[in-house]
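Observations on the model geometry
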Amino acid sequence: MIGEKARRLYFLGVASPMFDKITRGSPVLGETPRLDGNPLSCDRRRFPAVEMKTARNNPNRLTIPGLLAQRCHPLLGLATGSRWSRKYDLTISHQHRFIWFRVPKNGTSTFLKSMESNGVALDVVEAHMIRYPLRAYHDYYKFAVVRNPWDRLVSCWHNKILQKNRFRLPEDLHRRLHDFSAFVDYVSQKNIERCDTHIASQSSLVDLDEVDHLIRMESYEEGVAHVFRTIGFDSFEIRSSNRTPTRKHYAEYYTDETREKVGRIYEKDIRNFNYRF
């Protein structure tokens, strides 16, 4: 079920039918939602052991207090009255008061490098599959990047199969998956909600009940610029990286059969984010 925050969720310049029935009277298409005051500077009730950080020498690993909070989250929830989310790949800034739900293959490396090069203070840099307490972070600005599922799967295949065996598959299976249709069959056998995040459903990687803003890859730079301005950066530079050279348009990799199969695999993403082949 879509939560209260979904009532003001919007795509930059694109209406999403995901919220058609519940967003009547919401901001005009392409307009920033009108909020009372600055949502990034509100006071919030602070709870112990929830202002998470990653270790200085390991941006993927939480510090010991954060790790303990993750393990004890049911008890902390009872003690504080704050429910904790399910697990996500998170980047968090306490200074700028935001949570970014990182979705692999959706411009993540470029966004992270742009944050670092523009001096965005990050407390949780690249944590993988962690929870956050909902009440303690209720007024943090939350965003994510989404992408056409057919395009995203081709990008994953190029990067994780053709360029290198990044899934560490047995050699014979890795060779077979150089055929894109075989890779589609391989993905179709996975639990798309709980598999490797590079091929998982995007809907499972973003807290759709809490997220404030979704950027489409199709208007990536415009969306990134919107986020930078929202968190207080009027001047910034977007640092591109990790682009696959000379790749054909994603549609050229599909047959009618594989197109329909991927449509069934990622049916939820296609419906939630209003994508077409």
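Just so it is clear, the model here is predicted, and its values are computed rather than measured. (Residues numbered from 1 in each chain as written. Predicted model: local features only at pLDDT ≥ 70, side-chain atom pairs only at ≥ 80, totals over all residues. Heavy atoms only, no water.)

For the rest of this paragraph, the subject is the packing of aromatic side chains. Two descriptors summarise a pair of aromatic rings, namely the distance from one centre to the other and the angle between the planes of the rings. This structure, assessed with the given rule, holds 22 aromatic pairs. Measuring from centroid to centroid gives 5.1 Å for Phe180 and Tyr254, while their planes differ by 90°, and the two rings are edge-to-face. Taken together, the residues span a long stretch of sequence, with Phe180 in helix H6 (residues 180–188) and Tyr254 in the loop between helix H7 (220–230) and helix H8 (256–265) at a distance of 74 residues. The same class applies to Phe180 as to Tyr254, namely buried. Between Tyr250 and Phe277, the ring centres sit 5.7 Å apart and the planes meet at 90°, which makes this aromatic pair edge-to-face. Here Tyr250, found in the loop between H7 and H8, pairs with Phe277, found in the segment after helix H9 (267–273); they are 27 residues apart in sequence, far enough to count as distant. You can call Phe277 partly exposed: its relative accessible area is 32%. Above the plane of the ring of Tyr275 lies Arg216, whose end atom (NZ or CZ) is 4.6 Å from the centre. Cation over ring: Arg259 sits above Phe277, and NZ or CZ is 5.5 Å from the ring centre. (Phe/Tyr/Trp six-rings, centres within 6.5 Å; stacked < 30°, edge-to-face > 60°. Helix = DSSP H or I, 4+ residues; strand = E, 2+ residues; numbered from the N terminus. Buried < 20%, exposed > 50% of the residue type's maximum accessible area, 1.4 Å probe, protein only. Lys NZ or Arg CZ within 6 Å of the ring centre and 35° of its normal.)

Summarising the element assignment, Leu90 is placed in strand S4 (residues 88–93). We classify Leu90 as buried; its relative accessible area is 0%. Separated by 10 residues in sequence, Leu90 and Trp100 place their C-alpha atoms 5.7 Å apart. Leave out the neighbours within four places in its chain, and Leu90 touches Ile99, Trp100, Phe101, Arg102, Val124, Val125, Glu126, Ala127, Ile130 and Tyr132. (Contact = heavy atoms within 4.5 Å.)

For the rest of this paragraph, the subject is helix H1 (residues 64–71). Along H1, the residues classified as buried are Gly66, Ala69 and Gln70. Looking straight down H1, one finds that the buried residues subtend no more than 100° of arc, so they occupy a single side. Away from its buried face by more than 90 degrees, H1 exposes Ile64 and Arg71. Turning to H1, the residues buried within the fold contact strand S3 (58–62), helix H2 (73–80) and strand S6 (124–130). (Arc of directions from axis to C-beta.)

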